[in-house]
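Next come the chains, spelled out residue by residue.
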Amino acid sequence: MMNQTALITGGASGIGKETALKLASRGVTVVISGRREELGAEAVKEIEAVATGGARIRFIHNDVTSEADVKAMIEQIVAEFGRLDMAVNNAGISNETASVDLSDSSKFQAMVETNILGLYYCQKYEVQQMLKQGKGSIVNLASIAGINGMPWAGTYAATKHAVAGLTKSSALDHAAQGLRINGVAPGAVKTDIIAAQLDGSDPNYNEDVISAMHPMNRLGVPGEIANGIAWLLSDEASFVTGHILTIDGGFTAK
Ligand code: NAI
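Residues numbered from 1 in each chain as written. Predicted model: local features only at pLDDT ≥ 70, side-chain atom pairs only at ≥ 80, totals over all residues. Heavy atoms only, no water.

Draft legend 1. A look at the site of the ligand. The environment of the ligand is made up of 28 residues, and the closest members are S13, I15, Y156, V189 and T191. A distance of 2.8 Å separates an oxygen atom of the ligand from a polar backbone atom of V189. One can see that the ligand is located within the largest pocket. Elements that contribute at least two residues to the shell around the ligand include exactly α1 (14–25) and α5 (154–174). Across the shell around the ligand, the residue classes tally to 12 nonpolar, 11 polar and five charged. (Near = heavy atom within 4 Å. Polar contact = N/O pair within 3.5 Å; in protein donor to acceptor, adjacent residues only side chain to side chain. 1 Å grid on protein atoms, 1.4 Å probe; cavity = no way out; pocket = protein on both sides within 12 Å on 5 of 7 lines; lining within 4 Å. Sits in = over half its atoms within 2 Å of the grid points. Helix = DSSP H or I, 4+ residues; strand = E, 2+ residues; numbered from the N terminus. Nonpolar A, V, L, I, M, F, W, Y, C, P; charged D, E, K, R; others polar.)

Written as structure tokens, this is what we have:
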């Protein structure tokens, strides 16, 4: 993976940061993007500490919900590093647990803007650049809630089903043009995004309930998801496109 450049959106925490650490340790130049400058700077230091082979690490302050800013971010990466080989569209939010009839419309709108439109903007400009290169590999973060139904999470599930549809369709559009576009569907993983479900403040979920939903009876850890993302990004997965890889302790096997 040497001499390659990767973008990981929302890469200053959780699954994104873990993926950044893995790629950098394999010599990939990594750009992480996000909205939190300080967290980004801390993550850069952490990732630099494991980087090999002259890999460079950057943080770009960026909100994926602005199409103009996303376009500018891709241009900035290409201006500095000359190309974009890999992209992980990882930035996402989960802001409510409720049945759809009782859900808050503005919270759903925020999830649509980040999880669907934000990912769409990123993939759109990544693909435009990768087509110029004739090669590229993209991984979009879906979810088990992008494959199965999820109690109390219908609005989030709607956004993640959209990610799966966009991923598979785009893979078909560009399969013969040197681009591979895949998704990863994690089960529940201990990161900030499910903090409310783990700290006891969410009436619909707690750690025992979430663990019991998974046949392995536990949550995943970010490294287990990063392993799958890194594999899909790499040439080891050279005949894989349009695939949504479940990494979920058996959740979707039920
Ligand atoms: P996380 O909350 O640590 O990571 C998400 C990152 O995206 C954060 O750094 C956040 O600040 C960033 N982000 C959110 N909105 C953004 C925006 N508008 N612009 C730029 N960055 C933004 O949580 P985690 O778990 O690492 O989430 C990564 C992805 O994995 C998300 O897409 C999530 O939906 C997905 N996922 C997570 C699961 C879990 O149980 N942790 C399960 C299935 C999917």
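Having seen it, we continue.
Draft legend 2. Region of the structure containing the pattern of salt bridges. The final tally for this structure, using the stated rule, is eight salt bridges. Between R218 and E224 there is a salt bridge whose closest N-O contact spans 2.8 Å. Residue R218 is classed as partly exposed on the basis of its relative accessible area of 36%. Given a relative accessible area of 30%, E224 falls into the partly exposed group. (Salt bridge = Lys/Arg side-chain N within 4 Å of Asp/Glu carboxyl O. Buried < 20%, exposed > 50% of the residue type's maximum accessible area, 1.4 Å probe, protein only.)

Draft legend 3. Summary view of the side chain of T155. Positionally, T155 belongs in helix α5. With a relative accessible area of 6%, T155 lands in the buried category. The contacts of T155, once residues within four sequence positions are left out, are V100, S103, F108 and M111. (Contact = heavy atoms within 4.5 Å.)

Draft legend 4. Inspection of the sheet that holds strand β5 (residues 136–141) at higher detail. Here seven strands make up an open sheet; going across it, the order is β3-β2-β1-β4-β5-β6-β7 and the pairing parallel. On the outer flanks of this sheet lie β3 (57–61) and β7 (244–247), each paired with one strand and no other. The mean inter-strand angle of the sheet, taken between neighbouring strand axes irrespective of direction, is 20°. (Pairing = 2+ DSSP bridges. Axes fitted to C-alpha atoms, helices over the stretch in contact; angles between N-to-C directions.)

Draft legend 5. Just empty space enclosed by the protein, in detail. One pass over the full model with this rule turns up one cavity of 30 Å³ or more. The space that makes up the largest cavity amounts to roughly 40 Å³. T9, V64, N89, N90, A91, T114, G118, L119 and C122 together form the lining of the largest cavity. Looking at the lining of the largest cavity residue by residue, the classes come out as four nonpolar, five polar and no charged. (Points joined across faces, edges and corners; volume = space filled by probe spheres on them.)

Draft legend 6. View of the packing of α1 against helix α8 (residues 222–233). Remark: α1 packs on α8, axes separated minimally by 8 Å, with the N-to-C direction vectors making an angle of 55°. The pairing of α1 with α8 is recorded here as oblique in orientation. Viewed along their axes, α1 and α8 form a crossing whose handedness is right-handed. From α1, G14, I15, E18, T19, K22 and L23 reach across to α8, where they touch P222, G223, I225, A226, N227, I229, A230 and L233. Residue composition of the contact of α1 with α8, grouped by class: eight nonpolar, four polar and two charged. (Parallel < 35°, antiparallel > 145°, perpendicular 65-115°, else oblique. Left-handed = near helix turned anticlockwise from the far one by under 90°.)

Draft legend 7. Fine view of the nonpolar core. L23, V30, I32, I47, V184 and I229 are the most contacted members of the largest nonpolar core, which totals 31 residues. The next biggest cluster of nonpolar side chains, apart from the first, holds 20 residues, and it includes I60, M73, F81 and Y121. (Core = buried A, V, L, I, M, F, W, Y, C linked by side-chain atoms within 4.5 Å.)

Draft legend 8. Examining the layout of surface pockets more closely. Quantified by volume, the largest pocket comes out at close to 1,000 Å³. In terms of lining residues, the largest pocket is bounded by 46 residues, among which G92, I93, S94, T191 and I193 are the most central. The set of elements that each furnish at least two residues to the lining of the largest pocket consists of α1, β2 (29–34) and α5. The element best represented in the lining of the largest pocket is α1, accounting for three residues. For the lining of the largest pocket, the class distribution of residues is 21 nonpolar, 19 polar and six charged. Approximately 270 Å³ is the volume attributed to the second largest pocket. Taken together, 19 residues line the second largest pocket, and the ones lying closest to its centre are K135, G136, S137, R180 and D235. Across the lining of the second largest pocket, the residue classes break down as seven nonpolar, seven polar and five charged.

So, to be careful, I would describe these as geometric facts and stop short of saying anything about function.
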